[in-house]
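# Residue-level structure breakdown
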Amino acid sequence: MRLYYEVALRSYRRWIAYRAATISGIVTNCFFGCIRALIFIALYHARGEIAGYDLTDAVTFVALGQGMLMVLYLWGWWEVADTIKTGSVVTDLSRPYDYYAYWLARDMGRAVYHLLFRGVTSFVVIALIFGARLPASFGQWLLFALSVVLAAVTSFAFRFTVNLSAFWLLDVRGVGSAAAITATLFSGFEVPLVYFPGWLLLVSNILPFRGMMQTPADIFLGHLTGAGALAALALQVAWCAVLILGGRAMVVAATRKVVVQGG
Amino acid sequence: MRNEKASKSMPVMPKQPVPSVRPSVLSPQSSVLRTEFSLYLRFIAARIRGQMQYRASFILDVISRFLVNGLELAGIFILFHRFSSLGGWGVGEIVFLYALVTISFAFHEVVAQSFEDFSLTVRQGEFDRILLRPITPIVQVLASDFQLKRLGRVLTGVVALILALMRVHLTWTVGKLLYMPVVILSGIFLFAAIDLIGGTLSFWTIERTEVINVFTYGGVYMSSYPISIYQAWIRRTFTFFIPIAFVAYYPGLYFLDRTDPLGLPRFVSFLTPAVTVIFCAVALCFWEWGVRQYQSTGS
């Protein structure tokens, strides 16, 4: 356990080193957040509640989305696929640690960095400009925090699986973009899932992506409370388990297949 | 210029008028311009030939780009399925604005993306090599990254345009038909000029100037909606400072026969080419100045 903590800490420190990138990232996140919020303000003009969300809900969702964007890191993460391409995955696999846990720890270190430095800042800035609805009780904050952790793990497990496909595919980018598009759409990042037409909502309900954005947001906004919130968290846990077990099975299958070409 | 200084420091050289090896793009020497342009065409012809060698990978790339950008378009349709209109604008009209800005931006990505990654060129010392060749640097940089696969995004724009025209029944006039290509061409140049400014900044910053993304990608995102919904400082920034509002919204008012809710006079719709020319001139001057100030990283 100590090893994985150290791995996560190293990864966190590696990210923290790029201060200029952090600042320009925050500026970009906030700008996009402002545009999205202003679009919702215009859309909600002279309208009350749409699909159960009022304007404050929508704007808070935007702020949360800009905050979660980098925590989930859905686009352009190819670190594992690249090691498979270059062959350095062989060294990684033969090291005396759990391959899956190592990468999970690395990604969690990164997620903590993005949560603290990009996520919280972006959320606070957008919330201060446009106003936001905050959780009313400590319990709600706690459930939200749990949900965010599960969202980060789900996102990692999903991206890791996509990366591992590089063991079988020559070019993983095509699958990767398809995966990122699906995840962005069905998590609620592009448009909150509540606005989806019925049939698309049904599709989103049977996919794991809802747990990455819509579930934490609904807990934060108080649309999921009590038993409903616990059921949603349980579903998140279930998806994490499925994706992690699937990913580990893929690692096992791949290690059987890998042939090391002697140098 | 640097080469003139160098010749002064060497007294052995006979004193004769040294022809400018590296002509400025701004100097209107038509024969030079013509040679440079034909060279540029030959460069990109070679690039296209190279990129078409991997036909399957090219097609997959185009499709994947088409889909990635289609996500945003799908988002607009999903939102309007619930909200039906935005300040009197229907989904067709919003998608029309989206199409205009996307087509311009996507064509700019095909021809002028190289300036987005220009900081890498500077950091690796590649720009020193560019300065040594007897071709205008800007032509070399432009020709260095001509990517046909980015046509995937153009495809998204064209599909959006078709979907928009199926919903808003535009009353076409000769004027509109003639002005539309002008607007799209202006948009391409405007985005290229923004990238050129961002690229020039990397002479000093070395680091990739990510904040410029706010103006390019952020500008594109913002332009799909009527500018009138934004706050004054955003409207002013994208009208007077980085004039992206002239890519879709202002000309869009003319195409869609709408008036600006903030009471802008009608002629503003027709300022797009003029604004583009001015902005490009400013960007080119900045670039030329930057090239003169340039000091190699030495590595």
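Numbers given for residues are sequential positions, taken from 1 along each chain in its written order. To label them, take the chains in the order written and letter them from A, then take the ligands in the order written and number them from 1. Since the coordinates come from a predicted model, pLDDT governs what is reported: local features require at least 70, and pairs of side-chain atoms require 80 or more to be given and counted, while whole-chain, interface and lining totals use all residues. Hydrogens and waters are ignored; side-chain quantities use all the structure's heavy atoms.

### Points about the nonpolar core
Think of a nonpolar core as a cluster: buried Ala, Val, Leu, Ile, Met, Phe, Trp, Tyr and Cys residues, connected wherever their side-chain atoms sit within 4.5 Å. Exposure classes here rest on a 1.4 Å probe applied to the protein chains alone. A residue is buried below 20% of its type maximum, exposed above 50%, and partly exposed in between. Counting 171 residues, the largest nonpolar core has A:Phe160, A:Tyr195 and B:Tyr225 as the members making the most contacts within it. Leaving out residues up to four positions away in the same chain, B:Tyr225 has contacts with A:Ile39, B:Ile76, B:Leu79, B:Phe80, B:Leu86, B:Ile94, B:Leu97 and B:Tyr230. Between two residues, a contact is recorded if the distance between any of their heavy atoms is within 4.5 Å.

### Side note on a nonpolar patch on the surface
Residues A:Leu115, A:Val120, A:Val124 and A:Leu128 make up a contiguous nonpolar surface patch of roughly 350 Å² in combined accessible area. Counting through the fold element by element, A:Val124 comes out in helix H6 (residues 99–130). A patch consists of residues whose relative accessible area exceeds 30% and which take part in no salt bridge; residues with like charges are grouped when within 9 Å of each other, and nonpolar side chains (Val, Leu, Ile, Met, Phe, Trp, Tyr) when within 5 Å. Residue exposure ignores everything except the shown protein chains as possible cover, and the areas themselves are Shrake-Rupley values with a 1.4 Å probe. For salt bridges, the criterion is a side-chain nitrogen of Lys or Arg within 4 Å of an Asp or Glu carboxyl oxygen. By the criteria applied, helices consist of DSSP H or I runs no shorter than four residues and strands consist of E runs no shorter than two, each listed in order from the N terminus.

### Let's talk about the interface of chain B and chain A
As a measure of interface size, the accessible area lost when the parts come together is often cited. Every contact between the two is made by 28 residues of chain B and, on the other side, 29 residues of chain A. Buried area is calculated as the accessible area (1.4 Å probe) missing from two parts once they are joined, with the contributions of both summed. Of the roughly 2,800 Å² buried between chain B and chain A on both sides combined, carbon and sulfur atoms contribute 79%. On the chain B side of the interface with chain A, the three residues burying the most area are B:Leu71, B:Phe83 and B:Tyr221, jointly 25% of the side's total. The interface formed by chain B and chain A includes zero salt bridges. For this analysis, a polar contact is any N or O atom pair within 3.5 Å, provided that within protein one partner can donate a hydrogen and the other can accept it, and provided that sequence-adjacent residues contribute only side-chain to side-chain pairs. At the junction of chain B and chain A, the tally comes to four residue pairs in polar contact (both at pLDDT 80 or more).

### Notes on the state of the cysteines
Residues and elements named next belong to chain A. Here, two cysteine sulfur atoms that lie within 2.5 Å of each other are counted as a disulfide. In this structure the tally under the stated criterion is zero disulfides over all chains. With no disulfide partner, Cys30 has as its closest neighbouring cysteine sulfur the one in Cys34, 6.6 Å distant. Looking at Cys30, the relative accessible area reads 9%, which means it is buried.

### Comments concerning the packing of aromatic side chains
Residue and element names in this part refer to chain B. Stacked, edge-to-face and tilted labels apply to pairs of Phe, Tyr and Trp rings (six-membered ring for Trp) whose centres lie within 6.5 Å, assigned for plane angles under 30 degrees, over 60, and everything in between, in that order. Under the counting rule described, the total for this entry stands at 54 aromatic pairs over all chains. Ring centres of Phe118 and Phe203 lie 5.5 Å apart, and the angle between their planes is 85°; this geometry places the pair in the edge-to-face category. Pair noted here: Phe118 is in helix H5 (residues 118–123) and Phe203 is in helix H9 (residues 174–205), with a separation of 85 residues, a long-range link. You can call Phe118 buried: its relative accessible area is 0%.

### Quick word on empty space enclosed by the protein
Throughout, the protein atoms alone are placed on a 1 Å grid, and a set of points is a cavity if a 1.4 Å probe fits but cannot get out or a pocket if it is open with protein on both sides within 12 Å along at least five of seven lines; lining residues have an atom within 4 Å of a point. Grid points are joined across faces, edges and corners, and a volume is the space filled by probe spheres set on the points. In total, this model carries five cavities of 30 Å³ or more according to the counting rule given. Considering the residues around the largest cavity, the lining is formed by A:Arg36, A:Ile39, A:Phe40, A:Glu190, A:Val191, B:Glu72, B:Gly75, B:Ile76, B:Leu79, B:Tyr221, B:Ser224 and B:Tyr225. Taken together, the elements giving at least two residues each to the lining of the largest cavity come down to helix H2 (19–43) of chain A together with helix H3 (55–83) of chain B. Taken together, the residues of the lining of the largest cavity sort by class into seven nonpolar, two polar and three charged. Lys, Arg, Asp and Glu make up the charged group, whereas Ala, Val, Leu, Ile, Met, Phe, Trp, Tyr, Cys and Pro make up the nonpolar group; the residues left over, Gly among them, are polar.

### Description of the confidence of the model for chain A
Looking at chain A, pLDDT values average 92 and 98% of them are 70 or higher. Along the chain, pLDDT gives the predictor's confidence residue by residue, from 0 to 100. Considering each helix and strand of chain A separately, the mean pLDDT is smallest for helix H5 (residues 89–94) of chain A, with a value of 88, and largest for helix H10 (residues 214–221) of chain A, with 97.

### Some remarks on the side chain of A:Ser122
All names here are of chain A. In this fold, Ser122 is placed in helix H6. For Ser122, a relative accessible area of 0% corresponds to the buried category. Ser122 has contacts with Ile26, Asn29, Cys30 and Gln66, leaving out every residue within four places of it along the chain.

### Section: the environment of A:Gly247
Residues and elements named next belong to chain A. You can see Gly247 is positioned in helix H11 (residues 226–257). C-alpha of Gly247 to C-alpha of Tyr100: the two residues are 147 residues apart in sequence and 8.1 Å apart in space. Other than its neighbours up to four places away in sequence, Gly247 contacts Tyr100, Thr161 and Leu164.

### Points about the packing of helix H3 (residues 55–72) of chain A against H10(A)
Residue and element names in this part refer to chain A. At a minimum axis distance of 10 Å, the contact between H3 and H10 shows a crossing angle of 130°. In terms of their interaxial angle, H3 and H10 are classed as oblique. With respect to the hand of their crossing, H3 and H10 are arranged in right-handed fashion. When H3 is examined against H10, the residues Asp57, Thr60, Phe61, Leu64 and Met68 are found in contact with a partner set consisting of Gln214, Pro216, Ala217, Phe220 and Leu221. Each axis is a line fitted through C-alpha atoms, taken for helices only over the stretch in contact, and angles between the N-to-C directions span 0 to 180 degrees. For classification purposes, an angle smaller than 35 degrees is called roughly parallel, one larger than 145 roughly antiparallel, one from 65 to 115 roughly perpendicular, and anything else oblique. Crossing handedness follows the turn of the near helix against the far one: under a right angle anticlockwise gives a left-handed crossing, and clockwise gives a right-handed one.

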